[in-house]
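Survey of secondary and tertiary structure
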Amino acid sequence: MNAISFDLMTALPEILVLAMAMFILLLDLFLKPANRFLIYVFSQLALLGAAVITALTHTSVVEYAFNGLFVDDPLADVLKLGIYLATSVTLIYTRSYISLRGMFRGEFYALVLFSTLGMMIMVSGQHFLTLYMGLELLSLSLYALVALDRDNASSTEAAMKYFVLGALASGMLLYGMSMLYGVTGHLDINGVAEALLNGAPDHGVLVLGLVFIVAGLAFKLGAAPFQMWVPDVYHGSPTAVTLFIGSATKIAAFAMVVRLLIQAMFVLAADWQGMLIIMAVLSMAVGNIAAIAQTNIKRMLAYSTISHIGFLLLGFLSASLNGYASATFYILSYVLMTLAGFGIILLLSRKGFEADKLEDLKGLNQRSPWYAFLMLLVMFSMAGIPPTLGFYAKFTVLQAALQAGFIVLVVFAVIMALIGAFYYLRVVKYMYFDEPEDHAAIVAPVDMKLVLSINAIGLLILGMLPQRLMDACAYAIIHSIQ
Amino acid sequence: MIFQDYVFYALAAILLFAGLRVITARNPVHAALFLVLAFFTAAGIWLLLEAEFLAIALVLVYVGAVMVLFLFVVMMLDINLDRLREGFWNALPVALPVGLLMAAEMVMILGSKHFSADMLNAPAPRPVGYSNTAEIGRQLYTDYLLPFELASVVLLVAIVAAIALTLRERKDSKFIDPAEQVKVKRADRLRIISMPAEKESVSAAEPAAENK
């Protein structure tokens, strides 16, 4: 038997996260309640360790491991660093929220680490099987996280909806993959790409498979017309879990789109461009118009996510390296904005009180001018008002679409962004021009206050100096996609 | 037609019949038993394809373990069939065209010349003594080690999630934790609610006094 090259070093961050997740499961059994905070410390250490390894072992060449089932390219490194950052910030923001609601348990942190592992696998998947296993690992952990507050009826309902629709989406994705396998005879991304390049064997079957894959991906991303689950799940989940679903997981879904549509099926670009145009238009319309009618801020942010996904798809459908780089930039900026936005909601929540209605933000300026200012930055950034990060992200995506010649689409996107500005600015109006209804003092741990401030101010600073982040995204895309 | 063809068509017919009955049987226990039949005939088709290991695993794992457990669950639960079936006729006008459309699309794709038998090369006959059990094992632990390990992590997550979601402390436990008792605060036991003063108390008190 020939020597087997597993090349475990390439997958070291994944191995560390997996080992730490299992260690936390075991540690939880032996800890006294007073020492429970150690679980949190170890989770953060796991993410930090993985980040250090990813950064140190970074090279600009594409490395394969596990017989080509796993890839470590610059894109994977950049996206993984984004995932660690988003997960770590999520854990900082949610610590006091979950401990006040009796969810500060080993399982919460173990499941978060397992879903992080799933995301890392999705980012590094170079084979349909690997991608699918990563996706299932992520989804299964998320279903459990949503339902973890099990005595809460709305969480249970959200978990049920998420589970059923998520299973449907996985089924569609698998069906599409099986079609591709039937035609090309390959399951690995490079093999499929090569087979398609050497004369696509049968266009009809390929497009059928493509339709199912795109539908499955759209479900996971939350793009219209597959967006039904997004508002319900965002609304019903505990805010801590909503933050996690809304931020880090979108990076993984983004990576899956890159691997499947761009790397495996670039030959079919003309076919998926049309599908993405329909999805982008619908997402921007549904997201921005439906958000106006929301009174719950979590639902409003859910529709805002849908519209952001529409903008993200604009970056993809230009089918150029420039467009992919702008899409990478967009997803990372979106994650930063979402983190800060939900961070404020978590900050205003306290024991037995969820600050999830728009009215709860009324008069925030009188209660705390600083947090009102931070929320103002987040809302400006989400609306895309210069000089915030959101403006630059929208700008690059629109520029890429314009270069590819989608002028009508760009005009439509700008109109939708204008409509969207209405409900973001309404939040600002509530904070600055209304009298507070709620006078409770805002209490939060120091680390959360500090990170939240850095997070929101970062939106402003990165908006003015976006070049380094943009360069990193362009570098990752150029060195990863041939 | 050779003998194998007759066996295949017989098995396929039974499989289709069993599959249809799974979704049309009124009694859930019968539906589960038809599913067992479907698994069994599918295992037979796998044997025809010379995939002995998969055929045996299907019978052992699905028929032997999963379906037996499933039958127990179905028998334990009191499933209200009428509630499951309500809404069937309302959904039919939409569901039927969509279903037919999807079926037609699949027939057009799968029935086209691209999936006909002569497009696919016949597999080379296996040498004597070839063991597909060993071959599956070799593939699983070498080429496909990563998905295999990931599958085990997914199972671990399933276990963790199932325990986290269902494990509850017993309500009838008589165990007392003194530490918890000492920590009790007034707010946990006593709730002070503000009520408007009762103005009618005088008139309300009088009939009570008469009754005495």
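Rules of the game
- Residues numbered from 1 in each chain as written.
- Chains lettered and ligands numbered in written order.
- Predicted model: local features only at pLDDT ≥ 70, side-chain atom pairs only at ≥ 80, totals over all residues.
- Heavy atoms only, no water.
- Helix = DSSP H or I, 4+ residues; strand = E, 2+ residues; numbered from the N terminus.
- Buried < 20%, exposed > 50% of the residue type's maximum accessible area, 1.4 Å probe, protein only.
- Contact = heavy atoms within 4.5 Å.
- Areas by Shrake-Rupley, 256 points an atom, 1.4 Å probe, with all protein chains shown as cover.
- Phe/Tyr/Trp six-rings, centres within 6.5 Å; stacked < 30°, edge-to-face > 60°.
- pLDDT = per-residue confidence, 0-100.
- Lys, Arg positive; Asp, Glu negative; His and termini not counted.
- Salt bridge = Lys/Arg side-chain N within 4 Å of Asp/Glu carboxyl O.
- Buried area = accessible area lost by both parts, 1.4 Å probe.
- Axes fitted to C-alpha atoms, helices over the stretch in contact; angles between N-to-C directions.
- Parallel < 35°, antiparallel > 145°, perpendicular 65-115°, else oblique.
- Left-handed = near helix turned anticlockwise from the far one by under 90°.
- Expected span 1.5 Å × (residues − 1).
- Arc of directions from axis to C-beta.
- Nonpolar A, V, L, I, M, F, W, Y, C, P; charged D, E, K, R; others polar.
- Polar contact = N/O pair within 3.5 Å; in protein donor to acceptor, adjacent residues only side chain to side chain.

Here we take up the overall build of chain B. On a plain count of helices and strands, chain B comes out with ten helices and zero strands. Taken from N to C terminus, the helices and strands of chain B fall in the order α-α-α-α-α-α-α-α-α-α. Relative to its full complement of 212 residues, chain B shows a buried share of 17%. The long-range share in chain B, meaning contacts at least 24 apart out of those at least 6 apart in sequence, stands at 59%. Only carbon and sulfur atoms are counted for the fraction: they give 68% of the accessible area of chain B, which is about 17200 Å².

Turning our eyes to something else, we now look at the packing of aromatic side chains. A full pass over the atoms with the stated rule returns 22 aromatic pairs over all chains. Pairing A:Phe23 with A:Phe42 gives two aromatic rings, centres 5.2 Å apart and planes at 80°, and the pair type is edge-to-face. Of the two residues, A:Phe23 is situated in helix H1 (residues 12-30) and A:Phe42 in helix H2 (residues 37-56); the sequence distance between them amounts to 19 residues. Exposure remark for A:Phe23: the relative accessible area of 34% places this residue in the partly exposed category. Residue A:Phe42 is classed as partly exposed on the basis of its relative accessible area of 23%. Relative to B:Phe148, the ring of B:Tyr141 has its centre 5.0 Å away and its plane inclined at 75°; by these criteria the two rings are edge-to-face. A relative accessible area of 48% places B:Tyr141 in the partly exposed class. Clustering of aromatic rings is evident, with ring pairs tying together A:Tyr40, A:Phe104, A:Phe108 and A:Tyr109.

A few words now on the confidence of the model for chain B. Confidence in the prediction for chain B averages 83 pLDDT; 84% of positions are at 70 or higher. For this predicted complex, the interface confidence reaches an ipTM of 0.91, while the overall pTM sits at 0.88.

What follows concerns the side chain of A:Lys250. Residues and elements named next belong to chain A. Residue position: lysine 250 is located in helix H11 (residues 248-264). Lacking a salt bridge, the buried lysine 250 has aspartate 232 as its closest oppositely charged neighbour, with an N-O distance of 14 Å. Ignoring sequence-local partners within four residues, the contact set of lysine 250 consists of Lys220, Leu221, Trp229, Tyr234, Ile245, Thr305, Ile309, Ile331 and Tyr334.

In this assembly, 27 residues from chain B lie in contact with 34 residues from chain A. In total, about 2700 Å² of surface goes out of reach between chain B and chain A, with carbon and sulfur atoms giving 81% of it. By the criterion of area lost to chain A, the three top residues of chain B are B:Leu146, B:Leu150 and B:Val157, representing 20% of everything that side buries. Elements represented by at least two residues in the side of chain B that touches chain A include exactly helix H5 (88-110), helix H6 (132-141) and helix H7 (145-166) of chain B. Tallying contributions element by element places H7(B) first for the side of chain B that touches chain A, with 15 residues.

Bringing the pattern of salt bridges into the picture now. All names here are of chain A. Under the definition given, this model contains 13 salt bridges over all chains. Arginine 101 is the partner of glutamate 354 in a salt bridge, and the nearest nitrogen-oxygen pair spans 3.0 Å. Within this pair, whereas glutamate 354 is found in the loop between helix H14 (321-348) and helix H15 (364-367), its partner arginine 101 is found in the loop between helix H3 (74-100) and helix H4 (106-124), the two being separated by 253 residues in sequence. Given the relative accessible area of 18%, arginine 101 is considered buried.

To continue, consider the packing of helix H16 (residues 369-383) of chain A against helix H19 (residues 446-464) of chain A. Residues and elements named next belong to chain A. Two elements in contact, H16 and H19, have axes whose closest approach is 9 Å; the angle formed by their N-to-C orientations is 40°. Overall, the two elements H16 and H19 adopt an arrangement that is oblique. In this structure, the crossing between H16 and H19 has a hand that is left-handed. Residue-level inspection shows Trp370, Tyr371, Phe373, Leu374, Leu377, Val378 and Ser381 of H16 in contact with H19, the latter providing Lys449, Leu452, Ser453, Ala456, Ile457, Leu459 and Leu460.

Another aspect to go through is helix H20 (residues 467-480) of chain A. All names here are of chain A. With 14 residues, H20 ought to run about 20 Å at 1.5 Å a step, and its terminal C-alpha atoms sit 20 Å apart, in line with that. Inspection of H20 places Leu469, Met470, Cys473, Ala476, Ile477 and Ser480 among the buried residues, and these make up the whole buried set. Projected onto a plane normal to the axis of H20, the buried residues spread over an arc of 130° and lie on a single side. Facing away from the buried side of H20, by more than 90 degrees, are the exposed residues Arg468 and Ile478. In the core, the buried residues of H20 are packed alongside H3, H11, H14, helix H17 (389-403) and H19.

This part takes up unusual backbone geometry. Of all residues except glycine, most have a negative phi; of all peptide bonds, most are trans. Residues and elements named next belong to chain A. Cis geometry marks the peptide bond from alanine 224 to proline 225; its omega dihedral reads 0°. Structurally, proline 225 can be placed in the loop between helix H8 (203-221) and helix H9 (229-236). Along the chain, proline 386 connects to proline 387 via a cis peptide bond; the corresponding omega equals 5°. Locating proline 387 in the fold gives a position in the loop between H16 and H17. Even without glycine at this site, phenylalanine 66 takes up a positive phi of about 50°. Tracing the backbone through its elements, the reader meets phenylalanine 66 in the loop between strand E1 (63-65) and strand E2 (70-72).

Helix-helix packing is characterised by the crossing angle of the two axes and by the distance between the axes. Residues and elements named next belong to chain A. For the pair H9 and helix H13 (residues 297-317), interaxial distance at closest approach is 8 Å and the crossing angle is 145°. As H9 runs across H13, the sense of the crossing is right-handed. Of the residues in H13, those in contact with Val230, Pro231, Asp232, Tyr234 and His235 of H9 are Lys298, Arg299, Leu301, Ala302, Tyr303, Thr305 and Ile306. Residue composition of the contact of H9 with H13, by class: seven nonpolar, two polar and three charged.

This part covers the side chain of A:Lys298. Residues and elements named next belong to chain A. The topology assignment puts lysine 298 in helix H13. No salt bridge is formed by the buried lysine 298; its nearest oppositely charged neighbour, aspartate 356, is found at 4.5 Å. Separated by 3.4 Å, the side chain of lysine 298 and the backbone oxygen of histidine 235 make a polar contact. Polar contacts involving the side chain of lysine 298 include one to the side chain of threonine 239, which spans 3.3 Å. Those residues in contact with lysine 298, other than ones at most four positions away along the chain, are Tyr234, His235, Ser237, Pro238, Thr239, Thr242, Phe342 and Asp356.

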